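# Examination of the molecular architecture
Next come the chains, spelled out residue by residue.
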Amino acid sequence: MAFTLPPLPFDKGALAPHLSAETLEFHYGKHHQTYVNNLNKLTEGKPEAKMSLEEIILAAPAGGLFNNAAQVWNHSFFWNSLKAGGGGEPAGELAAAVKRDFGSFAKLREEFANAAATLFGSGWVWLVLDGGKLKVIQTSNADLPMKHKQAALLALDVWEHAYYVDYRNARAKYVDAVLDNLLNWDFAAANYAKAIKSP
Ligand SMILES: [Fe+2]
């Protein structure tokens, strides 16, 4: 198979009690795996089977191929946006950029939580670098920053499947739990360092 499910960067139970092992079993083991399976079916015997995920995402028009390729990428990026003992605030260069572009970390947190609360339907909230400036953006369904010439720094999945097992309909509780306990600011800082170096 051309595309495979990348290993999780942590054990399935590592994010409990904020995200349970059961959530990871379904979200990673079923949903993410299904996007990989669909992508393999859609690309079998076609030139896309030899393309990278990023090449497919950038080239594909709206539709099943784009949706499944983007959701494979989005979920891999999302898992890396989380870690046990995360949350808190960024340090170093990224902290300075947060102060420059949001005024304070508290303002960024508020904007991020508000974007997650107000996203209608299924989608994602991202911290991105866009033209040298940090922004919080929402995308619908499988849409993602690279399709808009933005560099992703952190992702939050706000599809219902991300929180329904642990939080039922209480999306805001899921968002608070992730922001305060799981967000991986080291991953964001590494993405920021890469993004400011690229043209
Ligand atoms: Fe998801």
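Below is a short write-up of the structure.

### Remarks on the overall build of the protein chain
- If you tally the helices and strands in the protein chain, you get eight helices and three strands.
- When the helices and strands of the protein chain are listed from N to C terminus, the series reads α-α-α-α-α-β-β-β-α-α-α.
- Compactness check: the protein chain gives a C-alpha radius of gyration of 16 Å against a globular reference of 16 Å for 199 residues, within 12% of the reference.
- Principal axes of the C-alpha set define a box for the protein chain whose edges measure 50 × 40 × 30 Å.

### Some points on helix H5 (residues 105-118)
- Across its 14 residues, H5 extends 20 Å between first and last C-alpha, which sits within 8% of the 20 Å expected from 1.5 Å per residue.
- Three or more residues of H5 are buried, namely Phe 105, Leu 108, Phe 112, Ala 113, Ala 115 and Ala 116. One side of H5 holds all its buried residues, which, seen down the axis, span an arc of 160 degrees. Turned more than 90 degrees away from the buried face of H5 sit Ala 106, Glu 110 and Ala 117, all of them exposed.
- Its buried side turned inward, H5 meets helix H4 (92-102), strand E1 (123-130), strand E2 (133-140), strand E3 (151-157), helix H7 (171-181) and helix H8 (185-197).

### Digging into the nonpolar core
- By size, the foremost hydrophobic cluster in this structure holds 69 residues, and its most contacted members are Trp 126, Leu 127, Leu 134 and Tyr 174.
- Counting residues per element, this core draws most heavily on helix H3 (residues 64-80), at eight residues.

### Considerations on the coordination of the iron ion
- Here the iron ion is held by the protein donor atoms His 27 (NE2), His 75 (NE2), Asp 157 (OD) and His 161 (NE2), which lie 1.9 to 2.1 Å from it.
- Metal-centred angles of 89 to 128 degrees between the four donor atoms at the iron ion mark the site as tetrahedral.
- Sequence spacing of the donors to the iron ion: H-x47-H-x81-D-x3-H.
- Its relative accessible area of 16% is what places His 161 among the buried residues.

### Description of the pattern of salt bridges
- In this structure the tally under the stated criterion is six salt bridges.
- With its nearest N and O atoms 3.0 Å apart, the salt bridge here joins Lys 83 to Asp 186. Of this pair, Lys 83 sits in the loop between H3 and H4 while Asp 186 is found in helix H8, placing the two residues 103 residues apart along the sequence.
- Asp 186 gets classed as exposed once you look at its relative accessible area, which sits at 55%.
- A salt bridge links Arg 109 to Asp 176, with the shortest nitrogen-to-oxygen separation between them at 3.0 Å. With a gap of 67 residues between them, Arg 109 in helix H5 and Asp 176 in helix H7 connect regions that are remote in the sequence.

### Regarding empty space enclosed by the protein
- Tallied over the full model, the rule gives one cavity of 30 Å³ or more.
- Computed from the structure, the largest cavity encloses a volume of approximately 50 Å³.
- Lining the largest cavity are Phe 105, Leu 108, Arg 109, Phe 112, Leu 179, Leu 183 and Trp 185.
- Among the elements that take part in the lining of the largest cavity, H5 stands out by supplying four residues, more than any other.
- The class makeup of the residues in the lining of the largest cavity is six nonpolar, no polar and one charged.

### Regarding the sheet that holds E2
- If you trace the three strands from one edge of the open sheet to the other, you get E2-E1-E3, paired in antiparallel fashion. At either margin of the open sheet sits one strand with a lone partner, and together these are E2 and E3. This sheet shows a mean twist of 25 degrees between the axes of neighbouring strands, independent of strand direction.
- In this sheet, E3 lies alongside E1 in antiparallel orientation, the contact comprising six bridges. Counterpart to Leu 129 in the pairing with E3 is Ala 151.

The rules we used
- Residues numbered from 1 in each chain as written.
- Predicted model: local features only at pLDDT ≥ 70, side-chain atom pairs only at ≥ 80, totals over all residues.
- Heavy atoms only, no water.
- Helix = DSSP H or I, 4+ residues; strand = E, 2+ residues; numbered from the N terminus.
- Rg over C-alpha atoms; globule rule 2.2 N^0.38 Å.
- Expected span 1.5 Å × (residues − 1).
- Buried < 20%, exposed > 50% of the residue type's maximum accessible area, 1.4 Å probe, protein only.
- Arc of directions from axis to C-beta.
- Contact = heavy atoms within 4.5 Å.
- Core = buried A, V, L, I, M, F, W, Y, C linked by side-chain atoms within 4.5 Å.
- Donors = N, O, S within 2.8 Å, 3.2 Å for Na, K, Ca; no water.
- Tetrahedral: all angles 85-135°; square planar, octahedral: opposite > 155°, others 65-115°.
- Salt bridge = Lys/Arg side-chain N within 4 Å of Asp/Glu carboxyl O.
- 1 Å grid on protein atoms, 1.4 Å probe; cavity = no way out; pocket = protein on both sides within 12 Å on 5 of 7 lines; lining within 4 Å.
- Points joined across faces, edges and corners; volume = space filled by probe spheres on them.
- Nonpolar A, V, L, I, M, F, W, Y, C, P; charged D, E, K, R; others polar.
- Pairing = 2+ DSSP bridges.
- Axes fitted to C-alpha atoms, helices over the stretch in contact; angles between N-to-C directions.

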